[in-house]
Protein chains: 4
Amino acid sequence: MRKPDRLTPSDIKGAWAILPTPATPNASDWRERNTVDLDEAARVVEGLIDGGINGILSMGTLGEAATLTYDEKIAYMGALVDAARGRVPVFVGTTTLNTRDTIDLTLKAQDIGADGTMLGIPMWCAPSVDTAVQFYKDVTDGAPDMNYAIYANPEAFKFDFPRPFWAAVAEIPQVVTAKYIGVGPLMRDQSAIQGRIKLLPLDFEYYAAARMDDSIDAFWTSGAVCGPSVSVYLRDVIAEARATGDWSKAKAFQSQLAPTAAPLFPNGSFQEFSMYNIALEKERMNAAGWMNCGPVRPPYHLCPENYLAGARASGEMWAALHKELSSGKTPSWEVGL
Amino acid sequence: MRKPDRLTPSDIKGAWAILPTPATPNASDWRERNTVDLDEAARVVEGLIDGGINGILSMGTLGEAATLTYDEKIAYMGALVDAARGRVPVFVGTTTLNTRDTIDLTLKAQDIGADGTMLGIPMWCAPSVDTAVQFYKDVTDGAPDMNYAIYANPEAFKFDFPRPFWAAVAEIPQVVTAKYIGVGPLMRDQSAIQGRIKLLPLDFEYYAAARMDDSIDAFWTSGAVCGPSVSVYLRDVIAEARATGDWSKAKAFQSQLAPTAAPLFPNGSFQEFSMYNIALEKERMNAAGWMNCGPVRPPYHLCPENYLAGARASGEMWAALHKELSSGKTPSWEVGL
Amino acid sequence: MRKPDRLTPSDIKGAWAILPTPATPNASDWRERNTVDLDEAARVVEGLIDGGINGILSMGTLGEAATLTYDEKIAYMGALVDAARGRVPVFVGTTTLNTRDTIDLTLKAQDIGADGTMLGIPMWCAPSVDTAVQFYKDVTDGAPDMNYAIYANPEAFKFDFPRPFWAAVAEIPQVVTAKYIGVGPLMRDQSAIQGRIKLLPLDFEYYAAARMDDSIDAFWTSGAVCGPSVSVYLRDVIAEARATGDWSKAKAFQSQLAPTAAPLFPNGSFQEFSMYNIALEKERMNAAGWMNCGPVRPPYHLCPENYLAGARASGEMWAALHKELSSGKTPSWEVGL
Amino acid sequence: MRKPDRLTPSDIKGAWAILPTPATPNASDWRERNTVDLDEAARVVEGLIDGGINGILSMGTLGEAATLTYDEKIAYMGALVDAARGRVPVFVGTTTLNTRDTIDLTLKAQDIGADGTMLGIPMWCAPSVDTAVQFYKDVTDGAPDMNYAIYANPEAFKFDFPRPFWAAVAEIPQVVTAKYIGVGPLMRDQSAIQGRIKLLPLDFEYYAAARMDDSIDAFWTSGAVCGPSVSVYLRDVIAEARATGDWSKAKAFQSQLAPTAAPLFPNGSFQEFSMYNIALEKERMNAAGWMNCGPVRPPYHLCPENYLAGARASGEMWAALHKELSSGKTPSWEVGL
């Protein structure tokens, strides 16, 4: 079986795009069985790499890992790997309802050519810390050659990812990175992992996280498919601030970026967002116009229209930033700094 | 394809046993792929029917629907159907992470010979009421000849099963029953469904539910596999009270039964119980000695020892009642009534 | 100091009305300092006793114990005691932010002539079971001649009133009753208190509670001030059912009463109701027209209009039942039974 | 009536100490009515000012605002004002159960000589955003000459202090500062208030907050009474980093300070801490030895011993830092930088 290169935390840098799984126009219909738009998947991977993105994460919540059939997953993994051609690391998602199915799917993903898996915890029962840690130990034992990103989503996995969890999974060598959320506990968890996992904050939180902790130099960005130049600019403006010690441009940009997040979260609530995560993210992305995500697979295809309107507004705001950054002119927020 | 008989709410009566999926001794090891003890499954079904149980529910949370592989599920369904030989209705479980996989598995179960499915909601994202209702509509459209039990577990499915949900699913003809929990909202939900779904309270709550509402004449009982005579006596003592208007014997028995529940729930918490549901239930059942459940499949095989001790105590108390009821003597609580 | 008669659980029977504290028209203005409509208070007490109510509870959440000034409390206590003239027991409320203030206010209430206090727990910090139990021990030590009703409101007091709490406070002789909520844990808590506290369910839940447990023969009713004949009829129809063994009339009435509750609870949520408890209850009561509650004292005087509309609908439905019961004709739901 | 100087957000700088209310040895006994150790209060204020503290906050949760009697509050306010002698601003606390009592107590505090009040929201009912905002508007209308610190404790006040709340209270001129908690929503809330309120993060979070946002230059510190030189050093090391652009010393100190927080929070939980806030903080402070807090007033005087042990460890760790900083030698963490 093919073995991916062993990655280390220091290999994980910059802007890591999270992908939705592009869907054919009929994908909300439960009668369909072949709903992945593989051509769009290939086009998007090419565009992201061309735009400067550093890595790819896929098949998480918004990537519809829950609602793809097995055959669709296999086909999609192949499309991603083929499109990337080794230029950036490709992490697929192999979260299932149990340890054994996850190991089998992870081995399959490895054989297809994926570099890693962004892996969440079986979510039928809420796990204890012991259960969550043992799950990652068992899977990495069962598929030891893969690279692993902890997928730390508290709403999806009924788990608050406390400090003892991070301290324990940091001892698993295959765990190199984590899709992280929230800056509140960031310093607490950084002290637990002692550099053995590269935590990826959300793009909207990267400025705050980077200022809090100098070792945070990578982030995940679902916004990348709304226009990758925004994600890449964010990466670079933080790096420049670090190099020069002058954070004024980074701060000015953050004040442009932050307002695009607000309308994506209904009533400002992550819990409410989580109920409609896929529909909201796909609506945002389709509104931005850079990618064609298609519709949402069942049962998550229903969403209140006023929530969707917020998501569209978010996507359009991001697209405007992308357009400004792609124009070749000095961005408005840099003028006069 | 084979079609099961169409059931109606009035067909659902008496004591419906919920089964764990018996496991081979090595089943906690993620390396194993064939862990269902099919002989024990057949023996238990025979014993339950012989003991007077009215129906069988399986492959819910404690039935390890989350952690069985696809092949194990198919084999187990066949074993249950074969053992029951049409003497009582057999409901398997076909909950998955999405609508399409559930439809496919439900059709497969129908073809194998199951009478119905106890069906929960995809639980990666918390569903809205609209999403939950549409899910049941889509699945019953996709597999219209099956009978359906709503599997109403709020912790597993991130959903509180409010009144509008019940009002809506009551309009789906294939939905005939529901594994229900809690007597608090019982009357509210009974008024919503207007007799179109037979709600099954938990054995421990059957006395209270039956007194609250005269139309409640069935219940689910995971205790049945700790000794079915207890479940059957519960059914009969309530029926007798209804017929005579004298509830003293039923009340006396409830005061024997209720204390067996307490040690099963760590700190009296259903939420805490839900984290360790499978391990606790299997420990209880193994301690009772009537059935050999075997160990728990990963990742849910870890559980604090003091919680397990409570579960064992619960199982032993139930077993003592079973023994007394099987002895041929007048039970102690009936003496002097 | 005056000593009230020692009550026992068996003294607590029938319909116990919970009173709002009637307010003068300007009572939502923080500049006012004398906002209790003492004449309306006297009129309402007279009307309730005349209507057949068995006891009076006051100065809980909807009685605005939180927002009355000390002087207003003292004046209001006097008005209630004077109006009742010993014909039914009067429980005031002496919940404060701490043990010492509560003891002082309870002694004052005793001196004024109150028979008891409906007492909640200081709610700045969420109490542990030990803290909650010790609080009731200390207060009953400090004011040992009063009668006590545990005021078991989980939202107000950040406490879920678990079984060990009930087991412990049942050992305090002065604790004779409890304003209870929910039928879910009723049998669990009844077994904990062993008859030493008379639990009062809510009027809407009295039918269910009475059927679950034969010893439940009293309830609290905020609806009484929407028309006391409804509360009194509820009491009597349950008593009649108990005496005859024929519950058909009681059940028919419950199906009339239950729908009046639904619009009072925004989105069916007790938690949401609790945020606007006072405004919703007063709106309901004012809409029913039997009592003039006046406006809500600050800071709880703001409430969404659509929530208030539901409360008005609830009050009008109750008032219609009151009217039918006061008409002298056979109520519609009794016809044909 | 005396009027305090009008403060502006830019007047709030540096380390603001939060005080417990020192108690006489018998203060856990509900029979006592005069439990404030006024001499210790005066000594502590003198010591804090002498140690370099910039302002004083008092009579919040750990300051036992809930459990002091009215007379004790008045006496304690006088003692604080007299001891400070105008050298630093003194904020007392005037949180009560309602708008009117709070206004009256705030006017009284103003007359006694307090500069401001750290004011929480009435907590019997959970407030809506509208209710919370109107409360601050009404109180500042009723006592317009005082300075106000929003006391933003989500557990105490059943309120999550969302962005719209901050946007609204930022328009009240008398609101100059806020005792804030958590760095997660810090940037969101900073953008809402637009510089019109000086947010005070917790000492343990000051490093993170200061790096996230350059305008954060003040914090609250309950640790100050465990040894004020730690709080003052924290203030100064951040200021030095800002001036030089070299954060290495600040970061090295943060890695010393952070571990002292961990044992104070049982199981790492703020919710659990909040149940025993007073007992834990007083235990920490008494263990540190710089101040004699005395015991806890009822009903909050009970706390599990293993939680108290953690609090003592926290206090001893802080005291060790204080000792090292007071020794005149170069602190260990500065060596080799």
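Residues numbered from 1 in each chain as written. Chains lettered and ligands numbered in written order. Predicted model: local features only at pLDDT ≥ 70, side-chain atom pairs only at ≥ 80, totals over all residues. Heavy atoms only, no water.

### Comments concerning the pattern of salt bridges
Step number 1: One pass over the full model with this rule turns up 75 salt bridges over all chains.
Step number 2: Each of A:E46, A:R85 and A:R87 takes part in one network of salt bridges that share partners. (Salt bridge = Lys/Arg side-chain N within 4 Å of Asp/Glu carboxyl O.)

### Examining the relation of the copies chain B and chain C
Superposition of the two copies of the chain requires a rotation about an axis together with a shift along that axis.
Step number 1: Laying chain B over chain C is done by rotating through 180 degrees and shifting 0.1 Å along the axis; what remains is an RMSD of 0.0 Å. A rotation of that kind, with that shift, is consistent with a two-fold axis. Measuring from the rotation axis to each C-alpha of chain B, the shortest distance belongs to B:G184, at 2.0 Å. (Least-squares fit on C-alpha atoms with pLDDT ≥ 70 in both.)

### Quick word on the sheet that holds strand β3 (residues 90-92) of chain D
Residue and element names in this part refer to chain D.
Step number 1: With respect to topology, eight strands assemble into an open sheet ordered β7-β6-β5-β4-β3-β2-β1-β8, the strand pairing being parallel. Only two strands of the sheet have a single partner each, and these edge strands are β7 (198-200) and β8 (218-221). Direction aside, the axes of adjacent strands within the sheet are offset by 25 degrees on average.
Step number 2: One ladder, built from two bridges, connects strand β2 (residues 55-58) with β3; its direction is parallel. Bridge assignment links L57 to a residue of β3, and that residue is F91.
Step number 3: Against the sheet, helix α2 (residues 70-84) contacts β1 (14-19), β2 and β3, and its axis sits at roughly 175 degrees relative to β3.
Step number 4: Across the sheet, helix α4 (residues 129-142) lies against β4 (116-119) and β5 (147-151), angled at about 160 degrees from β5, the strand it touches most. (Pairing = 2+ DSSP bridges. Helix = DSSP H or I, 4+ residues; strand = E, 2+ residues; numbered from the N terminus. Axes fitted to C-alpha atoms, helices over the stretch in contact; angles between N-to-C directions. Contact = heavy atoms within 4.5 Å.)

### What to know about unusual backbone geometry
Step number 1: A:P299 follows A:P298 through a cis peptide bond whose omega is 15 degrees.
Step number 2: Examined against the element boundaries, A:P299 turns out to sit in the loop between α12 (277-288) and α13 (305-325).
Step number 3: The backbone of B:N267 sits at a positive phi, close to 55 degrees, despite the residue not being glycine.
Step number 4: For B:N267, the location among the structural elements is in the loop between α10 (248-261) and α11 (270-275).
Step number 5: One non-glycine residue with positive phi stands out, namely C:M59, at about 60 degrees.
Step number 6: Mapped onto the secondary structure, C:M59 falls in the loop between β2 (55-58) and α2 (70-84).

### Some points on helix α8 (residues 203-212) of chain A
Step number 1: With ten of its ten residues buried, α8(A) lies for the most part within the structure.
Step number 2: Buried within α8(A) are the following residues: A:D203, A:F204, A:E205, A:Y206, A:Y207, A:A208, A:A209, A:A210, A:R211 and A:M212. (Buried < 20%, exposed > 50% of the residue type's maximum accessible area, 1.4 Å probe, protein only.)

### Notes on the interface of chain B and chain A
Step number 1: With 49 residues of chain B at the interface, the matching set in chain A holds 49 residues.
Step number 2: Of all residues in chain B, B:W30, B:R100 and B:W124 give up the largest surface area on contact with chain A, accounting jointly for 24% of the area buried on that side.
Step number 3: Here B:R100 makes a salt bridge to A:E72, at a shortest N to O gap of 2.6 Å.
Step number 4: Summed over the shared surface of chain B and chain A, the result is 22 residue pairs in polar contact (both at pLDDT 80 or more).
Step number 5: Counting only elements with at least two residues in the side of chain B that touches chain A, the list comes to α3 (99-112), α4 (129-142), α5 (154-157) and α11 of chain B.
Step number 6: Across the side of chain B that touches chain A, the residue classes break down as 22 nonpolar, 15 polar and twelve charged. (Buried area = accessible area lost by both parts, 1.4 Å probe. Polar contact = N/O pair within 3.5 Å; in protein donor to acceptor, adjacent residues only side chain to side chain. Nonpolar A, V, L, I, M, F, W, Y, C, P; charged D, E, K, R; others polar.)

### Section: helix α12 (residues 277-288) of chain C
Residues and elements named next belong to chain C.
Step number 1: Taking 1.5 Å of rise per residue, twelve residues should cover 16 Å, and α12 covers 17 Å from first to last C-alpha, within 8% of that figure.
Step number 2: All of the buried residues along α12 are N277, I278, A279, L280, E281, K282, R284, M285 and A288.
Step number 3: Check the buried side of α12 and you find it contacts α8 (203-212), α11 (270-275) and α13 (305-326). (Expected span 1.5 Å × (residues − 1).)

### Concerning the interface of chain B and chain C
Step number 1: With eleven residues of chain B at the contact, the number on the chain C side is ten residues.
Step number 2: Contact between chain B and chain C buries roughly 1000 Å² in total, counting both sides, with carbon and sulfur atoms accounting for 55%.
Step number 3: Our enumeration of links across chain B and chain C arrives at two salt bridges.
Step number 4: B:D214 serves as the salt-bridge partner of C:R211, at 3.2 Å between the closest nitrogen and oxygen.
Step number 5: Counting every contact that joins chain B to chain C gives three residue pairs in polar contact (both at pLDDT 80 or more).
Step number 6: Among the elements of the structure, α8 (203-212) and α10 of chain B are those that each provide at least two residues to the side of chain B that touches chain C.
Step number 7: Per element, the largest residue contribution to the side of chain B that touches chain C is four residues, and it comes from α8(B).
Step number 8: When grouped by side-chain class, the residues that make up the side of chain B that touches chain C number five nonpolar, two polar and four charged.

### Some points on the sheet that holds strand β2 (residues 55-58) of chain A
Residue and element names in this part refer to chain A.
Step number 1: A sheet is described by the order of its strands in space; here eight strands give the open sequence β7-β6-β5-β4-β3-β2-β1-β8, paired in parallel fashion. One side of each edge strand has no neighbouring strand; the edge strands of this open sheet are β7 (198-200) and β8 (218-221). On average, each strand axis in the sheet is inclined to that of its neighbour by 25 degrees, with strand direction left out of account.
Step number 2: Pairing geometry for strand β6 (residues 175-179) and β7, over three bridges, is parallel. Bridged to K179 within β7 is L200.

### What to know about the pairing of strand β1 (residues 14-19) of chain C
Residue and element names in this part refer to chain C.
Step number 1: For β1, the tally of buried residues reaches six of six residues, placing the bulk of the element in the interior.
Step number 2: With four bridges joining them, β1 and β2 adopt parallel strand pairing. Counterpart to W16 in the pairing with β2 is G55.
Step number 3: Traced from β1 through helix α1 (residues 38-51) to β2, the parallel crossover comes out right-handed. (Right-handed = clockwise from strand over helix to strand, strands pointing away.)

### Some details on the confidence of the model for chain A
Step number 1: When pLDDT is averaged across chain A, the result is 97; 100% of the residues are at 70 or more.
Step number 2: Here the predicted complex scores 0.95 on pTM and 0.98 on ipTM. (pLDDT = per-residue confidence, 0-100.)

### Describing the packing of aromatic side chains
Step number 1: Applying the stated criterion to the full structure yields 80 aromatic pairs over all chains.
Step number 2: Judged by centre distance (5.2 Å) and plane angle (75 degrees), the ring pair of A:F165 and A:W166 falls under edge-to-face. Side by side, A:F165 and A:W166 carry an identical accessibility label, which is buried.
Step number 3: For the pair B:W16 and B:F91, a centre-to-centre distance of 5.5 Å together with 80 degrees between the ring planes defines the contact as edge-to-face. Taken together, the residues B:W16 in strand β1 (residues 14-19) and B:F91 in strand β3 (residues 90-92) connect sequence positions 75 residues apart.
Step number 4: On the basis of relative accessible area, B:W16 is assigned to the buried category, the value being 1%.
Step number 5: By relative accessible area, which is 0% here, B:F91 ends up buried.
Step number 6: Within the aromatic cluster, the residues linked to one another by ring pairs are A:F135, A:Y136, A:F159, A:F161, A:F165, A:W166 and A:Y180.
Step number 7: Above the ring of D:W220, the side-chain terminus of D:K179 is found at 3.7 Å from the ring centroid. (Phe/Tyr/Trp six-rings, centres within 6.5 Å; stacked < 30°, edge-to-face > 60°. Lys NZ or Arg CZ within 6 Å of the ring centre and 35° of its normal.)

### Side note on the arrangement of the chains
Step number 1: A gap remains between chain A and chain C, which never touch, and the nearest two C-alpha atoms on either side lie 16 Å apart.
Step number 2: Between chain B and chain D there is no contact, and the shortest C-alpha to C-alpha separation is 16 Å.

### Quick notes on the packing of helix α9 (residues 228-244) of chain C against helix α10 (residues 248-261) of chain C
Packed helix pairs are specified by the crossing angle of their axes together with the interaxial distance, meaning the distance between the axes.
All names here are of chain C.
Step number 1: Between α9 and α10, the shortest axis-to-axis distance is 9 Å and the interhelical angle comes to 150 degrees. Classed by the angle they form, the pair α9 and α10 counts as roughly antiparallel. Judged by the sense of rotation from one axis to the other, the crossing of α9 with α10 is left-handed. Of the residues in α10, those in contact with V230, Y233, L234, V237, I238, E240 and A241 of α9 are K249, A250, F253 and L257.
Step number 2: Its residues placed into classes, the contact of α9 with α10 shows nine nonpolar, no polar and two charged. (Parallel < 35°, antiparallel > 145°, perpendicular 65-115°, else oblique. Left-handed = near helix turned anticlockwise from the far one by under 90°.)

### Examining the packing of α9(C) against α13(C)
Residues and elements named next belong to chain C.
Step number 1: Running from N to C, α9 and α13 cross one another at 70 degrees; their axes reach a closest spacing of 7 Å. Taken together, the axes of α9 and α13 lie roughly perpendicular to each other. Packed against α9, whose contacting residues are P228, S229, V230, S231 and Y233, the element α13 presents W318, L321, H322, L325 and S326 at the interface.
Step number 2: Its residues placed into classes, the contact of α9 with α13 shows six nonpolar, four polar and no charged.

### Re the environment of C:P201
Residue and element names in this part refer to chain C.
Step number 1: Inspection of the secondary structure puts P201 in the loop between β7 (198-200) and α8.
Step number 2: Distance from P201 to F219, taken between C-alpha atoms, is 4.9 Å for residues 18 residues apart in sequence.
Step number 3: Beyond its immediate sequence surroundings of up to four residues, P201 is in contact with Y180, Y206, A209, I216, A218, F219 and W220.

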